[in-house]
Amino acid sequence: MSSTFGSLLRVTTFGESHCKGVGAILDGCPPKLALCEEDIQKQLDRRRPGQSRLSTDRQESDQVTIMSGIENGFTLGTPIGLFVANKDHIPGDYQAMRFIPRPSHADYTYQMKYGIRAASGGGRSSARETIGREAAGAIAEKYLQERHNVEIVAWVSSVGPIDAADVSVDSIDRTSVDQTLVRCPDPIAAEQMAARISQLKEAGDSIGGVVTCVARNVPVGLGEPIFDKLEAKLAQAMLSIPATKGFEIGSGFSGARMQGSAHNDPFVPKGERLGTITNNSGGVLGGISNGEPIVFRVAFKPPATIAQPQQTVDFEGQPAILEAKGRHDPCVVPRAVPIVEAMTALTLGDLLLRQRMRRA
Ligand SMILES: Cc1cc2nc3c(=O)[nH]c(=O)nc-3n(C[C@H](O)[C@H](O)[C@H](O)COP(=O)(O)O)c2cc1C
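Residues numbered from 1 in each chain as written. Predicted model: local features only at pLDDT ≥ 70, side-chain atom pairs only at ≥ 80, totals over all residues. Heavy atoms only, no water.

Visitor: Mind showing me how you'd approach unusual backbone geometry here?
Guide: Backbone phi values are negative for most residues with the exception of glycine, while trans is the configuration of most peptide bonds. The omega angle of the peptide bond from P225 to I226 is 15°, so this bond is cis rather than trans. Relative to the elements of secondary structure, I226 occurs in the loop between β10 (209–216) and α6 (230–239). In this structure, N217 takes a positive phi of about 60° despite not being glycine. Considering the arrangement of structural elements, one finds N217 in the loop between β10 and α6. Taking relative accessible area as the criterion, N217 reaches 39% and is therefore assigned partly exposed. Residues other than glycine seldom take positive phi values, yet A243 does so here, at roughly 80°. (Helix = DSSP H or I, 4+ residues; strand = E, 2+ residues; numbered from the N terminus. Buried < 20%, exposed > 50% of the residue type's maximum accessible area, 1.4 Å probe, protein only.)

Visitor: Explain helix α3 (residues 130–148) here, please?
Guide: Taking 1.5 Å of rise per residue, the 19 residues of α3 would be expected to cover 27 Å, and the 25 Å separating its terminal C-alpha atoms lies within 8% of that figure. Most of α3 is tucked away, with 15 of its 19 residues classed as buried. (Expected span 1.5 Å × (residues − 1).)

Visitor: Looking at this model, I keep getting lost on the site of the ligand. Mind explaining?
Guide: Close to the ligand lie 14 residues; S125, A243, K301, T305 and D329 are nearest. The separation between an oxygen atom of the ligand and a polar side-chain atom of H105 is 3.4 Å. T305 places a side-chain nitrogen or oxygen 2.4 Å from an oxygen atom of the ligand. When the free accessible area of the ligand is taken as 630 Å², the share hidden by the protein chains comes to 87%. Among the residues making up the shell around the ligand, the classes are represented as seven nonpolar, four polar and three charged. (Near = heavy atom within 4 Å. Polar contact = N/O pair within 3.5 Å; in protein donor to acceptor, adjacent residues only side chain to side chain. Areas by Shrake-Rupley, 256 points an atom, 1.4 Å probe, with all protein chains shown as cover. Nonpolar A, V, L, I, M, F, W, Y, C, P; charged D, E, K, R; others polar.)

Quick look at the structure:
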């Protein structure tokens, strides 16, 4: 069951990095939603490898085929099958890693857990797995946007020690995010980030970063106390993305340094609902959306596969030097932006359907 996420809007992903293809089954999508492959392709293009000099050089067009669940351009309410072929893989690049587990990658733990692993390309631990989520998430997002006016936008807010200036969570949009290759809406910081990533790619090294995300117009009431609180589901969704190391919502860890008098978000009337003046809560109170923008950050580590020789041991425990070949991302955050958006859409879509079920 570990490849399935969600309860009413449920995605199951399949496929390894070097098998015939990857994809997902999305079950529970409401019927009569206009849907075509182009709706999904837009987000897959933002995620695909080889899209810029800042990403891996693996070239994949990642063209999606909708296998089932639609007719005449509308969803039927039945499972939607999504498939993307793997084309540009070079299994020979992974020869050394058959015998030497990559430090800080998943080779050792997959081998120990299953007693066998797809050594070529990292199997399910490869970021190619995220194609299924991306495709399913694009559908969830279309549903949220068209039927409920929900807007989701993520962007790169830091790379290593380089931080972007604060952006307005009320107005940030994907056009301004995509203006720079690094997907950071602050052009000065973006330039420094891109230069740093290029420099490290050249040196065979890698670097981490942070993606910030906002979901606007989320109706009040989403999230299922106690164990399926909105922030708990979001944290699970985000920390299931490969290479994630941290999740914080609203004031996050900085809230631990504050006093209640400064941290509390005073209520004010906002149209039909109560709103808040500040948003240290990040749009969630008691695990339930309060109508304010949901704002959170996801920390990504530097990718583990680096081109520099690394002193380590092989699977037998013998000293070894790993010289990893292959084409790898020097920094994952520019490509992780649409993945964060997809997992946000899948989480909110599922909780929205669960909340609708409550209505008499
Ligand atoms: C968009 C994206 C691209 C990635 N590209 C690479 C890569 O090129 N090389 C690599 O070693 N890890 C890459 N990763 C991370 C690995 O998939 C991940 O570190 C590995 O599965 C181990 O899991 P963990 O880091 O979550 O523990 C990427 C992750 C994402 C989200």
